[in-house]
Amino acid sequence: MNPLRPAILAAAGSSKLKDAITRVPVTAAVVRRFVAGEARADLVPVATALLESGRSVSVDFLGEYTTDRAQADAAVTEYLSLIDDLAEVDHAVPGAHSEIPRVEVSLKLSALGQSLGQDGPAIAAENLHKLCTKAVERHVWVTVDAEDHTTTEDTLDAVRLARAEFPWLAVALQTYLRQAEDNARDLATDGTRIRLCKGAYQEPATVAYRRRAEVDASYLRCLDVLMRDAWYPMIASHDPAMIAAALTLASENNHSPGDYEFQMLYGIRDDEQRRLVSEGHALRVYIPYGTQWYGYLMRRLAERPANLAFFLRALTDR
Ligand code: FDA
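Residues numbered from 1 in each chain as written. Predicted model: local features only at pLDDT ≥ 70, side-chain atom pairs only at ≥ 80, totals over all residues. Heavy atoms only, no water.

Trainee: An account of the pattern of salt bridges is needed here, citing residue identities and associated values.
Mentor: Close approach of charged atoms lets side chains of opposite charge pair. Counted by the stated rule, this structure contains 29 salt bridges. Notably, a salt bridge pairs Arg40 with Asp85, separated by 2.8 Å at the nearest N-O pair. Here the residue Arg40 occupies a position in helix α4 (residues 40-52), and Asp85 occupies one in helix α5 (residues 69-92), the gap between them amounting to 45 residues. Given the relative accessible area of 23%, Arg40 is considered partly exposed. With relative accessibility at 26%, the residue Asp85 sits in the partly exposed group. Here Arg193 ties to Glu104 by a salt bridge, and the two come within 3.0 Å at their closest N and O atoms. Of this pair, Arg193 sits in strand β5 (residues 193-197) while Glu104 sits in strand β2 (residues 103-107), and the two are 89 residues apart along the sequence. The residues Arg193 and Glu104 share a single accessibility class, namely buried. Through salt bridges with shared partners, one network takes in Asp60, Glu104, Lys108, Asp145, Arg193 and Arg195. (Salt bridge = Lys/Arg side-chain N within 4 Å of Asp/Glu carboxyl O. Helix = DSSP H or I, 4+ residues; strand = E, 2+ residues; numbered from the N terminus. Buried < 20%, exposed > 50% of the residue type's maximum accessible area, 1.4 Å probe, protein only.)

Next comes the structure, spelled out in structure tokens:
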């Protein structure tokens, strides 16, 4: 783990820091490196170019921990339009239109109302149902992001419930959580899609592994479960060791490329993304857009000291 990560994630909670950083125009190169832009119109050319390069996409309309019903409703409205726009982009770009949708949306249940008090989980579940219904109509996939550990149980419950009707609905599992392997075993059944990531939030040692070696070992245990039992494992990592392990496990379990996919974040390891595609692997890029980019950007900065240095230089050079 980056030794600065806890400090950066803790500082990210300061409203003064948030005010200072969000004054940086989103066009600033440092924000644009990780975020496609503030509007859907900015996202469309980015998604188009990625599809044209042979990659698939998963798009996140940024927003989290919504405390206002109107904001949750607005997020649903935006996602409904996003699903339409992505379906149009998919049709417009030539290429293999297989059963595996090339376009997907990623969403956070806290943006759909999960944190709206006692009724929050039910509101988020209803909104998730609405979006999955629309996604089926447009041949678009949906994956539910994993947020901080206080939301994990509600999120997994909502996904289990929705999967009865939408078995292709995926969820992200964070391997820094001590419960990750149990969750992987529980969820990895025929027909399941699971996105396996290490985890990006600041979590207490009671629930999460803190040492990098432990998080990686947990990733490898979960990967083993998914490669054996899940229908379509999604390896969401930039780590060469995790990618190599996935390839070995895929071969041991007689999977062909296309039975699973690699996933990386927009702006990270672009060369490696292209290399995997050129070798015939399926690769999906997670692209965020929207005005609420602060939390997402801070998690990316916390992952890598070099990103923080780049960001601070960009701020002081303005
Ligand atoms: P690790 O952090 O060990 O990095 C390995 C290498 O990747 C680094 O050495 C560097 O080369 C490169 N790298 C990693 N992060 C970088 C960065 N920020 N900038 C530049 N280079 C970087 N988390 C979560 O909690 N909930 C979620 O729902 C998701 N969803 C999600 C979807 C997808 C598609 C991806 C790829 C990731 C997520 N994540 C996430 C984030 C994830 O949990 C994790 O924080 C990052 O992916 C970094 O972990 P790595 O596995 O890449 O390994």
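The discussion continues.
Trainee: Now, about the packing of aromatic side chains: what can you tell me, with residues and values included?
Mentor: The full count for this structure, using the stated rule, is eight aromatic pairs. For the pair Tyr260 and Phe262, a centre-to-centre distance of 5.9 Å together with 90 degrees between the ring planes defines the contact as edge-to-face. A residue is classified by how much of its surface remains accessible, and Tyr260, at 4% relative accessible area, is buried. The class of Phe262 is buried, set by a relative accessible area of 0%. An aromatic cluster of three or more residues is present, and its members are Phe61, Tyr79 and Tyr289. The ring of Trp141 is capped by Arg193, whose NZ or CZ atom sits 3.7 Å from the centre of that ring. When the ring centre of Tyr296 is taken as origin, the NZ or CZ atom of Arg300, which lies over that ring, is 4.6 Å away. (Phe/Tyr/Trp six-rings, centres within 6.5 Å; stacked < 30°, edge-to-face > 60°. Lys NZ or Arg CZ within 6 Å of the ring centre and 35° of its normal.)

Trainee: Before we move on, could you go through the site of the ligand and cite the residues and values that matter?
Mentor: In the region of the ligand, 25 residues are neighbours, and Gly199, Ser237, His238, Glu303 and Asn307 sit closest. Within the contact set of the ligand, an oxygen atom lies 2.7 Å away from a side-chain nitrogen or oxygen of His238. Between Asn307 and the ligand, the recorded distance is 2.7 Å, taken from a side-chain N or O atom to a nitrogen atom. When residues of the shell around the ligand are traced back to their parent elements, those giving at least two are β4 (170-174), β5, β7 (261-265) and α12 (294-303). Per-element accounting of the shell around the ligand gives the leading share, three residues, to β7. Tallied by class, residues from the shell around the ligand come to ten nonpolar, six polar and nine charged. (Near = heavy atom within 4 Å. Polar contact = N/O pair within 3.5 Å; in protein donor to acceptor, adjacent residues only side chain to side chain. Nonpolar A, V, L, I, M, F, W, Y, C, P; charged D, E, K, R; others polar.)

By themselves, these observations are geometric and do not establish any function.
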